[in-house]
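# Analysis of the macromolecular model
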Amino acid sequence: MKPIRTLRSRTAVLAVSDIDTDQIIPARFLTTTTREGLGKHLFADWRYGPDGAPKTDFPLNRPQAEGCTILVAGNNFGCGSSREHAPWALTDYGFRAVVSTQIADIFRSNSLKNGLVPVIVDPATHRWLLENAGAEVSIDLETTTLTLPTGQATRFALEPFARYCLMNGVDELGFLLGREARIAAYEAHAGIA
Amino acid sequence: MNATPQTLFEKVWRAHEVEPESPDTPAVLYIDLHLIHEVTSPQAFTVLRQRGLGIRRPPLTFATMDHSTPTRTEQVFGGAPIAIEAAARQVRALETNCAAFGVELLNLQHAQRGIVHIIGPELGLTQPGKTVVCGDSHTSTHGALGALAFGIGTTEVGHVLATQCLLQRKPRTLAININGALPSGVGAKDLILAIIGRIGVAGGTGQVIEYRGDTIRALDMDGRMTVCNMSIEAGARAGMIAPDETTFAYLAGRPRAPQGEQWERAVQRWRHLPTDPGAQFDHEVEIDASTLEPMVTYGTNPAMVIPIGGAIPQRAGDPVFEKSLAYMGFAPGQPIREHPVNVVFVGSCTNGRLSDLRLAASLLRGRKVASGVQMLVVPGSQQVKRQAEAEGLHRVFLEAGAEWRESGCSMCLGMNGDLVGKGQYAVSTSNRNFEGRQGIGARTLLASPLTAAACAVRGRVTDPRELM
Ligand code: SF4
């Protein structure tokens, strides 16, 4: 994983609450056995018409959304299934952060493992972001702040270990493998052979 | 004995701490049972290969195939190829991976195969006090036996394969106290839908729910599993129910449960698991079960739910609510009863167990599925299928005009060929009514097996009590 310290981008805004994982990546695209290439199916049923042509009124299809790496979504993003295909699709598309007022547990955990920063902000900041699509915002993991173009900076919560992993490009598997002695001791104590 | 009273969750959590959490690092939690399936495991095996790692404890991992597998007999047993080529590739990948890494697999034709959350308890793999994970959010189902069971992503599937451990922050606890007798025609599915309607789709975020109270004690294991199954629909990390005599009677003699003297010792241990008197939960919610009615969803998330006799709510000026109703083709204020239905699905890890099929059959016996309605009955496992056939339930379904299939996730999610058509209304005993969940443009109404059967008979949304 590439270390992430700061992100700076215009926002793409999807002002829909409770966006679930079936919207992020519909189940029919889960028959893949790799992680790559899911970006083209991101929000497939909202993004494309029945003929497969992009819908011009869908926010991500507007020219202004091109190249945005920060997605602002309505309240409570990512509920539903444990499919890691959801953050894979978002990162493959180019997103590096998702901003909402609440983010579902499994989706958040999956995001952190794929270099997608989950940012939970207060309702007032959230409202401002929803109303100002395309605003240039920055996210700083050192200070865990999101800064609006107005200069207003908002702190967001990020679990310290997850933040450390994101900032240093460390993956959890390496950490767990490093606990080998403790795991072996636990197994010996529990009688697991 | 114990200085501080503990909850069921705390006892299981503590017993699995390889290292407790600190401000800087999450806990290292040991996993007793790891269930895998074809959809969320291939990329985890790829990581093992890339990093030259093996599986730390192969006997603690168990594999089945359910999500992308077909349910038509000719594709499962008749030698006809799996119609969806990508699905066939996933199935082959799981076979190859399990063989290469030494994981026990119930393959497509195996007599014990089924939906992962049905077979874990059914085989006795799931036991009280265990930590159980699977790359699937409905792993919460297994909590009905007093296990701490939760869904994980594919990266974490790789962590468990390689280290048998996960890094986890300790969740908070939520007690849902449910008391009162469920009225006739109202079951576990109606109860959990009512709970989700009450606390919302994010009401359980960051928390483990313990379902408590005399209503829960009175439920059989199938009903308890239905309740715990949908904990994730309330956003919860897991759902748990303390083990009791009902749990022990269910597990006794199951092929993977402890036997003989070991069984006695295990039951002794399990009796210490229930929450101690005076233990504190972070939150508590009270539910009166005696006033509940059959429930049905009208929108595109499971909290958009009403009693079947009710009307669709009005929320003027809420564009998200309006968008959801537009997708469903419903108007605010409209009664949901008598709305035409095109498809009825009985099955899934929520309601694909034997008692669910018995309930649906009890209403269908001697009746016909309304003309123009497609009804699909899909047992949750091959064992459920054989048990149902031994009781003659399949004849009830077939004579009524329903289809009787091989086990699998089927119409619960649109990835195995069993689909609801665009714009069609499906009354489904599954757990998610998200847009497009059962097919592009499909409109899902979640309900109990009784309600689903009643809707099939009348071809309209029907209160099952009218036919009982
Ligand atoms: S039946 Fe549905 S919810 Fe259950 S595991 Fe299968 S796809 Fe998931």
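Bear in mind that the values here come from a model prediction, so they are computed numbers and not experimental data. (Residues numbered from 1 in each chain as written. Chains lettered and ligands numbered in written order. Predicted model: local features only at pLDDT ≥ 70, side-chain atom pairs only at ≥ 80, totals over all residues. Heavy atoms only, no water.)

## Some remarks on the overall build of chain B
- Assigned secondary structure in chain B consists of 17 helices and 19 strands.
- Here chain B has a C-alpha radius of gyration of 21 Å; the compact-globule value for 468 residues is 23 Å, and the two agree.
- Once the C-alpha set of chain B is aligned to its principal axes, its extents read approximately 55 × 55 × 45 Å.
- Taking the intrachain contacts of chain B between residues at least 6 apart in sequence as the baseline, contacts between residues at least 24 apart amount to 75%. (Helix = DSSP H or I, 4+ residues; strand = E, 2+ residues; numbered from the N terminus. Rg over C-alpha atoms; globule rule 2.2 N^0.38 Å. Contact = heavy atoms within 4.5 Å.)

## Quick notes on the layout of surface pockets
- If you add up the space inside the largest pocket, you get close to 1200 Å³.
- Along the wall of the largest pocket there are 32 residues; nearest its centre are D32, Q127, K130, R269 and W270 of chain B.
- Elements that contribute at least two residues to the lining of the largest pocket include exactly α8 (180-190) of chain A together with α1 (8-15), β4 (61-64) and α11 (260-270) of chain B.
- For the lining of the largest pocket, the element with the most residues is α11 of chain B, which contributes 4 residues.
- In terms of residue class, the lining of the largest pocket is made up of 18 nonpolar, 7 polar and 7 charged.
- Put simply, the second largest pocket is a space of about 880 Å³. (1 Å grid on protein atoms, 1.4 Å probe; cavity = no way out; pocket = protein on both sides within 12 Å on 5 of 7 lines; lining within 4 Å. Points joined across faces, edges and corners; volume = space filled by probe spheres on them. Nonpolar A, V, L, I, M, F, W, Y, C, P; charged D, E, K, R; others polar.)

## Looking at helix α6 (residues 160-168) of chain A
- Taken residue by residue, α6 of chain A has F161, A162, C165, L166 and M167 of chain A as its buried positions.
- Among the structural elements, α4 (105-112), β4 (117-120) and α7 (172-177) of chain A together with β8 (165-168) of chain B are those in contact with the buried residues of α6 of chain A.
- Directly after α6 of chain A, the chain includes G169 of chain A, whose backbone phi takes a positive value near 60°. (Buried < 20%, exposed > 50% of the residue type's maximum accessible area, 1.4 Å probe, protein only.)

## Observations concerning empty space enclosed by the protein
All names here are of chain B.
- Under the criterion given, the structure shown has 4 cavities of 30 Å³ or more.
- Computed from the structure, the largest cavity encloses a volume of approximately 230 Å³.
- Residue lining of the largest cavity: 24 residues in total, with H67, D136, H138, L413 and R437 positioned closest to the centre.
- Sorting the residues of the lining of the largest cavity by element identifies α5 (116-122) and α13 (348-351) as the ones contributing at least two each.
- Taken together, the residues of the lining of the largest cavity break down into 9 nonpolar, 11 polar and 4 charged.
- When residues of the lining of the largest cavity are assigned to domains, at least three fall in each of domain 1 (1-293) and domain 2 (295-466).
- Put simply, the second largest cavity is a space of about 90 Å³.
- Broken down by class, the residue content of the lining of the second largest cavity amounts to 6 nonpolar, 4 polar and 2 charged. (Domains from an automatic or database assignment.)

## Considerations on the site of the ligand
Residue and element names in this part refer to chain B.
- If you check the shell around the ligand, you find H67, I115, H117, D136, H138, S348, C349, C409, C412, L413, N431 and R437 and nothing else.
- Mapping the ligand onto the cavity grids shows that it belongs to the largest cavity.
- Taken together, the residues of the shell around the ligand break down into 5 nonpolar, 5 polar and 2 charged.
- Taken together, domain 1 (1-293) and domain 2 (295-466) each give at least three residues to the shell around the ligand, which thus spans both. (Near = heavy atom within 4 Å. Sits in = over half its atoms within 2 Å of the grid points.)

## Examining the pairing of strand β9 (residues 172-179) of chain B
Residues and elements named next belong to chain B.
- The buried fraction of β9 is high, at 6 of 8 residues.
- Relative to strand β10 (residues 207-212), β9 is paired through 6 bridges, and the arrangement is parallel. Bridging from a neighbouring strand, I176 pairs with Y211 of β10.
- Each parallel crossover has a hand, and the one from β9 via helix α7 (residues 188-199) to β10 is right-handed.
- Pairing of β9 with strand β12 (residues 283-288) involves 6 bridges; the strand directions are parallel. Along β12, the bridge assignment pairs I176 with V285. (Pairing = 2+ DSSP bridges. Right-handed = clockwise from strand over helix to strand, strands pointing away.)

## Some words on unusual backbone geometry
Residue and element names in this part refer to chain A.
- Backbone geometry at F43 places phi at a positive 50°, although glycine is not the residue there.
- With respect to the helices and strands, F43 occurs in the loop between α1 (21-24) and α2 (44-47).
- Taking the relative accessible area as the measure of exposure, F43 reaches 0% and is therefore buried.
- Phi angles above zero are rare outside glycine, and T144 is one such case at about 40°.
- Residue T144 is classed as buried on the basis of its relative accessible area of 7%.

## Thoughts on the nonpolar core
- Ranked by internal contacts, the top residues of the largest apolar core, which has 87 residues, are F43, F77 and L90 of chain A together with F397 of chain B.
- Ranked by the residues each element gives to this core, the list is headed by helix α17 (residues 449-458) of chain B, at 7 residues.
- In contact with F77 of chain A, other than residues within four places in its own chain, are I19, I24, F43, L71, L90, V98, S100, Q102, I103, A104 and F107 of chain A.
- Counting 82 residues, the second largest nonpolar core, distinct from the first, contains A27, L174, I195 and I196 of chain B. (Core = buried A, V, L, I, M, F, W, Y, C linked by side-chain atoms within 4.5 Å.)

## Overview of the sheet that holds strand β7 (residues 148-151) of chain B
Residue and element names in this part refer to chain B.
- As summarised here, the arrangement of the 5 strands in space is β5-β4-β3-β6-β7, forming an open sheet in which the pairing is parallel. With one partner strand each, in any of the chains shown, β5 (104-106) and β7 form the two edges of the open sheet. The average angle at which neighbouring strand axes cross in this sheet is 20°, direction not considered. (Axes fitted to C-alpha atoms, helices over the stretch in contact; angles between N-to-C directions.)

## What about the domain arrangement of chain B?
Residues and elements named next belong to chain B.
- Entries for chain B in the domain assignment read domain 1 (1-293) and domain 2 (295-466).
- Using C-alpha coordinates to define each centre, domain 1 is positioned 24 Å away from domain 2.
- With 45 residues of domain 1 at the interface, the matching set in domain 2 holds 46 residues.
- Surface buried jointly by domain 1 and domain 2 totals about 3600 Å² across both partners, of which 57% is contributed by carbon and sulfur atoms. (Buried area = accessible area lost by both parts, 1.4 Å probe.)

## Re the interface of chain A and chain B
- Taken together, the contact pairs 53 residues of chain A with 62 residues of chain B.
- Taken together, both faces of the contact between chain A and chain B bury some 4700 Å²; the carbon and sulfur share is 58%.
- The salt bridge involving R179 of chain A is made with E19 of chain B; its shortest N-O contact spans 2.6 Å.
- Summed over the shared surface of chain A and chain B, the number is 26 residue pairs in polar contact (both at pLDDT 80 or more).
- For the side of chain A that touches chain B, the elements supplying multiple residues, two or more each, are α1, α2, α3 (85-93), α4, α6, α7 and α8 of chain A.
- Considering only residue class, the side of chain A that touches chain B consists of 20 nonpolar, 16 polar and 17 charged. (Salt bridge = Lys/Arg side-chain N within 4 Å of Asp/Glu carboxyl O. Polar contact = N/O pair within 3.5 Å; in protein donor to acceptor, adjacent residues only side chain to side chain.)

## Concerning the confidence of the model for chain B
- Mean pLDDT for chain B: 97, with 100% of residues reaching 70 or above.
- Both scores are given for the predicted complex: the pTM is 0.96, the ipTM 0.94. (pLDDT = per-residue confidence, 0-100.)

## A short note on the pattern of salt bridges
Residues and elements named next belong to chain B.
- Under the defined criterion, the tally for this structure stands at 41 salt bridges over all chains.
- With a closest N to O distance of 2.8 Å, K11 and D276 form a salt bridge. Of this pair, K11 sits in helix α1 while D276 is found in the loop between α11 and β12, placing the two residues 265 residues apart along the sequence. Take K11 and D276: they sit in the same class, and that class is buried.
- Between E85 and R92 there is a salt bridge, with its nearest N and O atoms 3.3 Å apart.

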